[in-house]
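# Understanding the architecture of this molecule
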Amino acid sequence: MELLQDISRQPLVTVKGVPLIKYFAEALEPLESFRVRPDDLLISTYPKSGTTWVSQILDMIYQGGDLEKCRRAPIFMRVPFLEFRCPGIPSGLEVLKDMAAPRLIKTHLPLALLPQTLLDEKVKVVYVARNAKDVAVSYYHFYHMAKVHPEPGTWDEFLEKFMAGEVSYGSWYQHVQEWWELSHTHPVLYLFYEDMKENPKREIQKILEFVGRPLPEKTVDHIVQHTSFTEMKKNPMTNYTTIPTNIMDHAVSPFMRRGIAGDWKTTFTVAQNERFDADYVEKMAGYNLNFRSEL
Ligand code: A3P
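Let me begin by describing the structure that accompanies this report. Computed from a prediction, not measured in an experiment: that's the story for all the values here.

All right, on to the overall build of the chain then. Helices and strands together make up the secondary structure of the chain, namely 15 helices and 6 strands. In terms of overall dimensions, the chain is globule-like: its C-alpha atoms have a radius of gyration of 18 Å, near the 19 Å expected for 295 residues. Counting all 295 residues of the chain, 56% fall into the buried class. When contacts within the chain are restricted to residue pairs at least 6 apart in sequence, those whose partners lie at least 24 apart make up 74%. Carbon together with sulfur atoms contributes 54% to the accessible area of the chain, which is approximately 13100 Å² in total. If you average the places of the 34 positive and of the 38 negative side-chain charges in the chain, the two averages end up 5 Å apart.

Below, the discussion takes up the sheet that holds strand E6 (residues 188–192). Strand order in the open sheet made by the 4 strands is E4-E3-E5-E6, with parallel pairing throughout. Every interior strand has two partners, whereas the edge strands, strand E4 (104–107) and E6, have only one. Geometrically, the sheet is characterised by an average inter-axis angle of 20° between neighbouring strands, direction not taken into account. When strand E5 (residues 124–129) meets E6, the two strands line up parallel, connected through 5 bridges. Its bridge partner being in E6, Val-125 is matched across the sheet by Val-188. The sheet contacts of helix H12 (residues 200–211) involve strand E3 (41–45), E5 and E6, and relative to E6 the element is tilted by about 175°.

So, on to the site of the ligand. Near the ligand, the surroundings consist of 18 residues, among which Thr-51, Thr-52, Ser-138, Tyr-193 and Arg-258 are the closest. Residue Gly-50 places a main-chain N or O atom 3.1 Å away from an oxygen atom belonging to the ligand. Gly-259 places a main-chain nitrogen or oxygen 2.7 Å from an oxygen atom of the ligand. If the ligand stood free it would expose 570 Å²; the protein chains cover 98% of that surface. Listed by contribution, the elements that provide at least two residues to the shell around the ligand are helix H3 (51–62) and helix H14 (229–234). Tallying contributions element by element places H3 first for the shell around the ligand, with 3 residues. Of the residues that constitute the shell around the ligand, the class distribution is 6 nonpolar, 8 polar and 4 charged.

Turning next to the packing of helix H10 (residues 172–182) against helix H15 (residues 270–283). Where H10 meets H15, the closest approach of the two axes is 11 Å, and the angle between their N-to-C directions is 35°. Regarding H10 and H15, the two cross each other, and that crossing is right-handed. From H10, Trp-172, Tyr-173 and Gln-177 reach across to H15, where they touch Phe-276, Asp-279, Tyr-280 and Lys-283. Class assignment for the residues of the contact of H10 with H15 results in 4 nonpolar, 1 polar and 2 charged.

Here we come to the side chain of Asp-249. Structurally, Asp-249 is set in the loop between H14 and H15. Its relative accessible area of 19% is what places Asp-249 among the buried residues. Beyond its immediate sequence surroundings of up to four residues, Asp-249 is in contact with Met-145 and Lys-147.

Quick look at the environment of Phe-158 now. Looking at the element boundaries, Phe-158 is found in helix H9 (residues 155–164). As for Phe-158 and Tyr-140, which are separated by 18 residues in sequence, their C-alpha atoms are 6.8 Å apart. With residues up to four places along the chain from it excluded, the contact list for Phe-158 reads Ala-136, Tyr-139, Tyr-140, Tyr-143, Pro-152 and Val-167.

Time to look at the nonpolar core. Core analysis: the largest hydrophobic core is formed by 96 residues, its most contacted members being Leu-58, Phe-162 and Trp-172. No other element matches helix H8 (residues 132–145), which puts 9 residues into this core. If we ignore the near neighbours within four places in the chain, the residues touching Trp-172 are Tyr-46, Arg-130, Asn-131, Ala-132, Val-135, Phe-162, Tyr-280, Met-284 and Phe-291.

Attention now moves to the side chain of His-250. Mapped onto the secondary structure, His-250 falls in the loop between H14 and H15. A polar contact of 3.0 Å, which involves the side chain of His-250, links it to the backbone oxygen of Tyr-240. A distance of 3.3 Å separates the side chain of His-250 from the backbone nitrogen of Phe-255, its partner in a polar contact. In this structure His-250 touches Met-145, Asn-239, Tyr-240, Thr-241 and Phe-255, once residues within four positions along its chain are discounted.

Turning to the packing of aromatic side chains, a few remarks are in order. A complete count under the given rule lists 28 aromatic pairs for this structure. Plain terms: the ring middles of Tyr-240 and Phe-255 are 4.3 Å apart, the flat faces sit at 35° to each other, and that makes the pair tilted. With Tyr-240 in the loop between H14 and H15 and Phe-255 in the loop between H14 and H15, this pair connects stretches of sequence that are 15 residues apart. Residue class for Tyr-240 comes out buried when judged on its relative accessible area of 7%.

What counts, and where the lines are drawn
- Residues numbered from 1 in each chain as written.
- Predicted model: local features only at pLDDT ≥ 70, side-chain atom pairs only at ≥ 80, totals over all residues.
- Heavy atoms only, no water.
- Helix = DSSP H or I, 4+ residues; strand = E, 2+ residues; numbered from the N terminus.
- Rg over C-alpha atoms; globule rule 2.2 N^0.38 Å.
- Buried < 20%, exposed > 50% of the residue type's maximum accessible area, 1.4 Å probe, protein only.
- Contact = heavy atoms within 4.5 Å.
- Areas by Shrake-Rupley, 256 points an atom, 1.4 Å probe, with all protein chains shown as cover.
- Lys, Arg positive; Asp, Glu negative; His and termini not counted.
- Charge placed at Lys NZ, Arg CZ, Asp CG, Glu CD.
- Pairing = 2+ DSSP bridges.
- Axes fitted to C-alpha atoms, helices over the stretch in contact; angles between N-to-C directions.
- Near = heavy atom within 4 Å.
- Polar contact = N/O pair within 3.5 Å; in protein donor to acceptor, adjacent residues only side chain to side chain.
- Nonpolar A, V, L, I, M, F, W, Y, C, P; charged D, E, K, R; others polar.
- Left-handed = near helix turned anticlockwise from the far one by under 90°.
- Core = buried A, V, L, I, M, F, W, Y, C linked by side-chain atoms within 4.5 Å.
- Phe/Tyr/Trp six-rings, centres within 6.5 Å; stacked < 30°, edge-to-face > 60°.

Structure, rendered in structure tokens:
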């Protein structure tokens, strides 16, 4: 078995033009044997867009709002990560094989790398998109604390890599665009992090309708309360503190870091912001996708 120090800070591996964490790249071939089930629900996001948040919301919905049932395991066991692989730890595929239906499945894969069966079988997808500037800042801090990524370099260097799609999972711009396109032909509920921040109850109602699991208003309020940033930050079943510190070091930056819209303003310089905006207009041209970078 590879030693933990050996799995740290490995260079990304490019698959079909998409840079990936080495072990996740190696998980793709075995994923060809992934067997979809009709009641699977896929949670898809570009990294740092609110995956853990919407995962906890969905598990609470599936458990009828029962928080105690949601304490049965950490979020990454309750909502397995499809392409996860790390030496010495069960892969996403292995966890999913033994999981009772109905399964909630997390992925960050762009469409080119997603197992085709998920598309062929029309598996329902909840997609969460977050504005690019907050994603870039959140990702920079995550690169620092999650050692499975390469060294992020300086913030300026990282931002350049982000804009060029040279970070793990590739281009944010392409990800949000292609899943948006897919939502026109496939059952995708396309949500925005900023809308969830603005009015979580409204967005949870959309999810309830999409998954066909109505709940009493009191239960919805309970879910809103227990999926707030404050509650999830102190909950060991959602805050990733059960992961060994040599994989995720919360002393460097907590996983539950700020949880707001507009945090990028503390990090972007005026020059970086201007350059980013000019590049953004070009990359997002022709897409009717409006992100809010602040509330
Ligand atoms: P920040 O780093 O900006 O704080 P993901 O789960 O996709 O990796 O996304 C992580 C980001 O979502 C982090 O953003 C984290 O703080 C934020 N987040 C997690 N739970 C949240 C919640 N309940 N409400 C708001 N933001 C949340």
